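A structural walkthrough
If you want the building blocks of each chain, they are given just below.
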Amino acid sequence: MKLRKLFAGVAAAATLLGGMAFGAATANAAATDTAPITVNNAQAGYTYKGYKFATFDNVQGTAPNATSVEVNTVDAWKDAVYNAADAANGGAEVPAEYAENPAAYVATFDAATARRFTGELTKNIPTGEQGTAAVNGVITATEGWFLVTSTTEENAGKSALVATQITSGNNTYTKITLNTEDGHHNIDTLGQFNAKDENAPTPPTKMADVKGTENVGDTVNVGDTVNYTITAVVPPAAAGYNTYKYTITDAASKGLNVAKKNANFTVVVKEGNAGGTDKTLAEGIDYTLTQEGSASAENGTVTTIAFSNVKDYAGKTIQVTYQGVVTSDAVDQVTNTATVKNNNDQTGEGTPVVKKLGKFDFTKIGVGDDATGLAGAEFNVSADGGRTFIKFSQDAKGVYYPDANGSETLTSADGKGAQTTLGKVAVRGLAEGVYTVQETKAPTGYAENFKVIFTVTIGEDGGEGTLTVDNLHQVNTNDKTVLNVKSITQLPLTGAAGTMLFTVVAVLLAGVAATVFAKSRSTKRALNV
């Protein structure tokens, strides 16, 4: 009869066995005793199955702490274990003394070889072996050494070797001193293992509001400061690792300044302290923050917040807050997209946060030779019905955008240089609202009495604003033109404008009549003196 070999080289193999060590003992274990296996961090969509390939005997230690145990290879698994051990060890022949009990040979492997063995055994499960599937994360099993597989409908996941709890007489052994080099890491309880496969991490959420204004909608002005909040949940699987890397990346589009020196990045773990209070993390200690690009770059700015180890925050929420300023490089919208990446380089991308910008334009025209464009008209724009006026600067194309250091005056284009369209006034970078456009100076030779006041409405989706018709119909909303005239007779004579014109003429005539009548009475009195 061949001598049953005891496990050796236990320090290396312990991690793949849930931390179990093996050696000589005197107490007998019962291979038929129920010993469930708990799958920690079981992932949705994965099926976990346990296959027993070896039984236990002769456990040693003081319950609940085991120090060693002897194993026997299950008959139906001898060939599979033998071949997997042979392949895992680089094709080296299994020593003759282990031929009938190859599982004992596996225990002499170092951790790396034992991991290769696990992969090889997964590929060579004996025909007819169905395994026991986990239900609600628990595999119903009897005492022994198990291969636990994980699979999805599409592919096979990562397997593990798991030792169950051991009973001997009235004693139950559930603990073992743990080598945390690799494998199951923080587990010191027999019959548990951490699932190595993960689904993609939960995408982060993101919120934004505009600082110092009541604008909480989806539009912004150039110059606005936007407060951003990223909320990300650390995968619960992080608890099963000694080191678990996690990354939050934020991609800001062109036109949004989130430069580190100005953005006031703050990183907090909600209830991250031992007492359940929020924990503010320190850059350079708890995480690193790097940036690429800028607000003026075509691809904007990418901010990466990398955590070298979030094991202690498994399942908790990390909240990142910072500020972004909408710059003159913004065109129709600015966007932010937050993405997280787990320890297995799987990503979860959040929904982009979009803030839109509105704009409007019109062409100032006159009469006669100026009918297609008229330079030199000046305007103010307000968002409060004319009480205060917005300051603007011009970009390289002559388009006006809000700028606190700019001027309140907008001037119709002269058709030179960047202002290629004579009489054009173009404004961009405005949030949702109703804007009053007030002409403050008519071009030389044009009547100051008929300067125009009209409104422009920018909707909740930003984009092109809608011009309204003024009382004298000098604003043509179809052509987007605003008329100046030299005399009252050049005003449009349609609709309300015609009525207004006749009213003005009537008022003027009444004034003339009153003057004539007064002069007539004065002359008559003089003649009667």
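Heads up: the structure comes first, above all this text.
Reference entry: report on the structure contained in this document.

Calculation criteria
Residues numbered from 1 in each chain as written. Predicted model: local features only at pLDDT ≥ 70, side-chain atom pairs only at ≥ 80, totals over all residues. Heavy atoms only, no water. Phe/Tyr/Trp six-rings, centres within 6.5 Å; stacked < 30°, edge-to-face > 60°. Buried < 20%, exposed > 50% of the residue type's maximum accessible area, 1.4 Å probe, protein only. Helix = DSSP H or I, 4+ residues; strand = E, 2+ residues; numbered from the N terminus. Lys NZ or Arg CZ within 6 Å of the ring centre and 35° of its normal. Pairing = 2+ DSSP bridges.

With that settled, consider the packing of aromatic side chains. Using the criterion set out here, one finds 15 aromatic pairs in the structure. Ring geometry for Tyr-98 versus Tyr-105: centroids 5.3 Å apart, planes at 40°, classification tilted. As far as the burial class goes, Tyr-98 and Tyr-105 line up, both buried. A centroid spacing of 5.3 Å and a plane angle of 20° characterise the contact between Tyr-228 and Tyr-322, whose relative ring orientation is stacked. Highlighted residues: Tyr-228 in strand E13 (residues 225-233) and Tyr-322 in strand E20 (residues 317-326), separated in sequence by 94 residues. Given a relative accessible area of 2%, Tyr-322 falls into the buried group. Pairwise contacts between aromatic rings join Tyr-51, Phe-53, Trp-77, Phe-117 and Trp-145 into one cluster. Above the plane of the ring of Tyr-228 lies Lys-206, whose end atom (NZ or CZ) is 5.0 Å from the centre. Here Lys-486 stacks its cationic end above the ring of Tyr-446, 5.2 Å away from the centre of that ring.

What follows deals with the pairing of strand E31 (residues 453-459). In E31, alternate side chains face the same way, and those of Phe-454, Val-456 and Ile-458 are buried while those of Ile-453, Thr-455, Thr-457 and Gly-459 on the opposite face are not. Note: strand E30 (residues 433-441) against E31, 6 bridges, orientation antiparallel. Opposite Gln-438, over in E31, you have Ile-453 as the bridge partner. As paired elements, E31 and strand E32 (residues 462-467) share 3 bridges and run antiparallel to each other. Each bridged residue has a counterpart across the sheet, and for Val-456 the counterpart in E32 is Leu-467.

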